[in-house]
Amino acid sequence: MPFSISIDPSEGRMAHTRHTFSKLAEKDVLLLAEVFALAIGPGDLIALRGELGAGKSTLARGLIRALMRERMDEADPRLDDIPSPTFTLAQAYRDLRVP
């Protein structure tokens, strides 16, 4: 099942981008999250679209974990306790490198 990622960066950064992926294994989605974590910055808007089970929550959790890891010890248990962003209207994630 394909899913897409749209990044609308804050003013003065790169142009709006949209990427579509399909048939990725979970380990590949998590690796993709690590790469996207390097590309985003403060004020960027990220939108995930896709069918149920396409990997949106896995990507979101991986992205949040990658951003948190930069400010935490790798053994910090909070890295394993990231709530799913699915069906959340507003979910605050603390300790990210992006203020």
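Fair warning: this is a prediction, and the values are worked out from it, not measured in the lab. (Residues numbered from 1 in each chain as written. Predicted model: local features only at pLDDT ≥ 70, side-chain atom pairs only at ≥ 80, totals over all residues. Heavy atoms only, no water.)

This part covers the overall build of the protein chain. Helix and strand counts for the protein chain stand at two helices and three strands. Reading the protein chain from its N terminus to its C terminus gives the helix and strand order β-β-α-β-α. Counted over contacts in the protein chain with a minimum sequence separation of 6, partners at least 24 positions apart contribute 60%. When the accessible surface of the protein chain is summed, it comes to about 6500 Å², and 55% of that surface belongs to carbon and sulfur atoms. (Helix = DSSP H or I, 4+ residues; strand = E, 2+ residues; numbered from the N terminus. Contact = heavy atoms within 4.5 Å. Areas by Shrake-Rupley, 256 points an atom, 1.4 Å probe, with all protein chains shown as cover.)

Its place among the elements puts I82 in the segment after α2 (56-69). Taking the C-alpha atoms as reference points, I82 and A60, separated by 22 residues in sequence, lie 9.7 Å from one another.

Moving on: the confidence of the model for the protein chain. Taken residue by residue, the protein chain gives an average pLDDT of 76. The fraction at 70 or more is 76%. Per-element confidence in the protein chain is highest for helix α1 (residues 26-39), whose mean pLDDT is 87, and lowest for strand β1 (residues 3-8), whose mean pLDDT is 70. (pLDDT = per-residue confidence, 0-100.)

It is at 8 Å that the axes of α1 and α2 come closest, and there the two elements cross at 45°. With respect to each other, α1 and α2 are oriented oblique. Handedness of the α1/α2 crossing: right-handed. The segment α1 lies against α2, with E26, V29, L30, L32, A33, E34, F36 and A37 engaging T58, L59, G62, L63, R65, A66, L67 and R69. Partitioning the contact of α1 with α2 into residue classes produces 10 nonpolar, two polar and four charged. (Axes fitted to C-alpha atoms, helices over the stretch in contact; angles between N-to-C directions. Parallel < 35°, antiparallel > 145°, perpendicular 65-115°, else oblique. Left-handed = near helix turned anticlockwise from the far one by under 90°. Nonpolar A, V, L, I, M, F, W, Y, C, P; charged D, E, K, R; others polar.)

Another aspect to go through is the nonpolar core. Of all hydrophobic cores here, the largest spans 17 residues; its most connected members are L59, L63, L67 and M68. Only α1 and α2 provide two or more residues apiece to this core. It is α2 that provides the largest number of residues to this core, a total of six residues. Here M68 is in contact with R78, L79, I82, R94, D95 and L96, once residues within four sequence places are set aside. (Core = buried A, V, L, I, M, F, W, Y, C linked by side-chain atoms within 4.5 Å. Buried < 20%, exposed > 50% of the residue type's maximum accessible area, 1.4 Å probe, protein only.)

Okay, the side chain of D44 next. Within the secondary structure layout, D44 lies in the loop between α1 and β3 (45-50). For D44, the side chain forms a polar contact with the main-chain nitrogen of G41, separated by 2.7 Å. (Polar contact = N/O pair within 3.5 Å; in protein donor to acceptor, adjacent residues only side chain to side chain.)

This brings us to α2. In this model, α2 (14 residues) spans 20 Å end to end at C-alpha, consistent with the 20 Å of a helix rising 1.5 Å per residue. Among all positions in α2, only L59, A60, G62, L63, I64, A66, L67 and M68 are buried. (Expected span 1.5 Å × (residues − 1).)

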